[in-house]
Each structure stands twice: as structure tokens, then as C-alpha cells.
Amino acid sequence: MLKYLIKTTKTPDDDTGNGLDDDMANDDNNDDIVVPVVRNAKKDRREKRSAEVKRKYESEKRCRKFSANWKKSFPWVKLSDDKSKMFCDICMLYPTLCDKDSKFVKGGCGNLHIKSLQTHDKSAAHQKCVRHNKAKNSTPGSTPAETMIQKMNEKEFEKMQVLFRIAHSLAKKGRPFEDFPWSLDLHEAAHNISLGHTYRNSKQCHNFISFIAEAERMKLATDLACVPFYSVMTDGTTDSSISEAEIMYV
């Protein structure tokens, strides 16, 4: 409990009756009036302690360290030799698929905080690398695509093989996609089989060739990522429609 001293000033009586009482005015002991003011001592101590803790926290530089528990939630994280930066082990395996500007790939992430790991784990480029790595290292026949294909009946699978093979032959020979329907008719007549009534148009031929090209591109990218160097040769010519065509050998 603290006491504050309040100084009062005597004023003479006026006509309005304002002023101090005569007895109080004549009493010298009433010049100083002590008014007790109650303060919460516990609150004062708490505020003081909080201010000291905050001042100490701001004055000292916090040194973050890598937590071993993070490895359980993010098995792909890899520490540098001095344990000051974090890298993504999976993204570094696939430089053509990962985000090359990510700190987990380029230079390492020095922000040793779990939020940095969570942000990278949810990124689209990282998820793409994870799916590619899972498909590459999975047991043959265990991937979702292979499981779906295995469930297809044998005739349907053979039919899709023929469709992909014919589409590939048209692309390799530089033939137009409009040749796809009659190529199927010719194959049916030559082998006395039925390929059904679906996928028999130029648009589906384009889709088949796109899938083949993407599979070959990913295979080539994976092979190039594992070699120390490679050479490239290019050449150009005109196709049957007198259109410029470029070819590249890697």
C-alpha cells in the first residue's frame, strides 16, 4: 500500500459561499492532507517480471537447432555437415522435376523451423518428386496405374496395346492423325480381330502419342540426371507436307 501526499491551497470565502470552513482554514494541520491510494502489489510484480523476461529475450539472440523428431515427420530432410542448413533429399534426386529456386535444393534452408519443412512438404514440385520417386522404387505391379491395368481383362489390355502401337507407328513415320481410323480397320482385317468402337478417331490418336511422349521424356530426364555429362546434336529437314521438322539426338 502506497500513500500519496496531496497539497491543498486555502482560498478565502467569497460571496457565493465557496471556500474552506473557518475552523479548517485556521487549522495549520490541514495544509497537507494524506490520501491513501491502494495499488495491486501482485500485479505490479507480475508486470515487472514480464518486462524483464521480454527485455532479456530481445537482448539475447535465439539460436535455433534442428530437432531429431522432425526427421520422423519429414524423412526426406537432410542436414548439412555443420547442421546449420536443411536440404530435401528427394528433390535433389530429380533436378528436372524439382523447384530449382527452392532453398531446400539450392544452397540449403537456414531457417531451422518446422514451418519451413511444412511449407516445402506441401509444395507442388516436392509432391511431384515424391510421387515420381515412389513409382520408381515401388515393387513392379504395386503402383496404382499397374494395379488398374491388371484388373482389366486380357482382351481389353491386348486392345490397348494395339491402339498404342499403331499410334506410335503413325508418329514415327510422320503420318497424319487422320490415318488412325483406317489403320485400325486394316489391322482388324489383316488379323481377323475386333478392336471395338471406342478410341477410333484422330483426337484419341493424339492422346496416345502424348502419353508415349511423356513417358519417354521422363525416362530420358531420369537418365540424364544420373550422368556427369552428355552431348546434343540437332538437325532439320522438311516432312511430307513441306513443313520444317527438327530432330535432336541426346
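Right above here is the structure, for reference.
Rules of the game
Residues numbered from 1 in each chain as written. Predicted model: local features only at pLDDT ≥ 70, side-chain atom pairs only at ≥ 80, totals over all residues. Heavy atoms only, no water. Salt bridge = Lys/Arg side-chain N within 4 Å of Asp/Glu carboxyl O. Helix = DSSP H or I, 4+ residues; strand = E, 2+ residues; numbered from the N terminus. Buried < 20%, exposed > 50% of the residue type's maximum accessible area, 1.4 Å probe, protein only. Patch = residues over 30% accessible without salt bridge, like charges linked within 9 Å, V, L, I, M, F, W, Y side chains within 5 Å. Areas by Shrake-Rupley, 256 points an atom, 1.4 Å probe, with all protein chains shown as cover. Lys, Arg positive; Asp, Glu negative; His and termini not counted. Charge placed at Lys NZ, Arg CZ, Asp CG, Glu CD. Phe/Tyr/Trp six-rings, centres within 6.5 Å; stacked < 30°, edge-to-face > 60°. 1 Å grid on protein atoms, 1.4 Å probe; cavity = no way out; pocket = protein on both sides within 12 Å on 5 of 7 lines; lining within 4 Å. Points joined across faces, edges and corners; volume = space filled by probe spheres on them. Nonpolar A, V, L, I, M, F, W, Y, C, P; charged D, E, K, R; others polar. Domains from an automatic or database assignment. Core = buried A, V, L, I, M, F, W, Y, C linked by side-chain atoms within 4.5 Å. Axes fitted to C-alpha atoms, helices over the stretch in contact; angles between N-to-C directions. Parallel < 35°, antiparallel > 145°, perpendicular 65-115°, else oblique. Left-handed = near helix turned anticlockwise from the far one by under 90°. Contact = heavy atoms within 4.5 Å.

Novice: Provide a residue-level description of the pattern of salt bridges, including the pertinent values.
Specialist: Using the criterion set out here, one finds 4 salt bridges in the structure. Salt-bridge contacts for arginine 175 lead to aspartate 179; the nearest nitrogen and oxygen are separated by 3.0 Å.

Novice: Got a sec to walk through unusual backbone geometry? Specific residues and values, please.
Specialist: Excluding glycine, most residues fall at negative phi; most peptide bonds, likewise, are trans. Phi is positive for lysine 83, which is not a glycine, with a value near 60 degrees. Looking at the element boundaries, lysine 83 is found in the loop between β3 (77-79) and β4 (86-88). For lysine 83, a relative accessible area of 59% puts it in the exposed group. Residue tyrosine 199 is not a glycine yet carries a positive backbone phi of 65 degrees.

Novice: I'd like to hear about a positive patch on the surface, residue by residue, with values.
Specialist: A surface patch of like charges, here positive, comprises Lys42, Lys43, Arg45, Arg46 and Arg49. Position of lysine 43 among the secondary structure elements: in helix α2 (residues 41-59). On the basis of relative accessible area, lysine 43 is assigned to the partly exposed category, the value being 42%.

Novice: Hey, could you go over the packing of aromatic side chains for me, with residue numbers and the actual values?
Specialist: Under the criterion given, the structure shown has 6 aromatic pairs. Both rings, one in phenylalanine 74 and one in tryptophan 76, keep their centres 5.8 Å apart while their planes meet at 70 degrees; by these two values the pair is edge-to-face. Residue class for phenylalanine 74 comes out buried when judged on its relative accessible area of 7%. The exposure class assigned to tryptophan 76 is buried, which follows from its relative accessible area of 6%. Their ring planes at 50 degrees and their centres at 5.8 Å tell us that tyrosine 199 and phenylalanine 208 sit as a pair that is tilted. Residue class for tyrosine 199 comes out partly exposed when judged on its relative accessible area of 32%. An aromatic cluster of at least three residues, connected via ring pairs, comprises Phe164, Phe180, Tyr199 and Phe208.

Novice: How would you sum up empty space enclosed by the protein? Please name residues and give values.
Specialist: Scanning the entire structure with this criterion turns up 1 cavity of 30 Å³ or more. Counted as a void, the largest cavity has a volume near 50 Å³. Every residue along the wall of the largest cavity is listed here: Tyr94, Thr96, Leu97, His132, Arg217, Met218, Ala221, Thr222 and Ala225. Per-element tally for the lining of the largest cavity: the top contributor is helix α9 (residues 202-225), with 5 residues. When the residues that make up the lining of the largest cavity are grouped by side-chain class, the tally is 5 nonpolar, 3 polar and 1 charged. The two domains that each donate at least three residues to the lining of the largest cavity are domain 1 (69-137) and domain 2 (144-249).

Novice: Would you mind going over the environment of serine 123 in detail, with residue names and values included?
Specialist: Relative to the elements of secondary structure, serine 123 occurs in the loop between α4 (114-121) and α5 (124-137). The sequence separation of serine 123 and serine 102 amounts to 21 residues, and the corresponding C-alpha distance is 10.0 Å.

Novice: With reference to specific residues and values, describe the nonpolar core.
Specialist: Most often, soluble globular proteins keep nonpolar side chains buried together rather than apart. Grouped together as the largest cluster of nonpolar side chains are 16 residues, with contacts concentrated most on Trp76, Met86, Cys88, Ile90, Phe104, Leu117 and Cys129. Among the nonpolar cores identified, the runner-up in size contains 12 residues, and Val162, Leu163, Ala167 and Cys205 belong to it.

Novice: Outline the packing of helix α7 (residues 154-173) against helix α8 (residues 180-191), supporting the account with residue identities and numerical values.
Specialist: For any two helices packed against each other, the geometry is given by the interaxial angle and the distance between the axes. Two numbers describe how α7 lies on α8: the axes approach to 10 Å, and their chain directions differ by 125 degrees. The angle between α7 and α8 falls in the class oblique. With respect to the hand of their crossing, α7 and α8 are arranged in right-handed fashion. Where α7 abuts α8, its residues Val162, Leu163, Ile166, Ala167 and Leu170 lie against Phe180, Ser183, Leu184 and His187.

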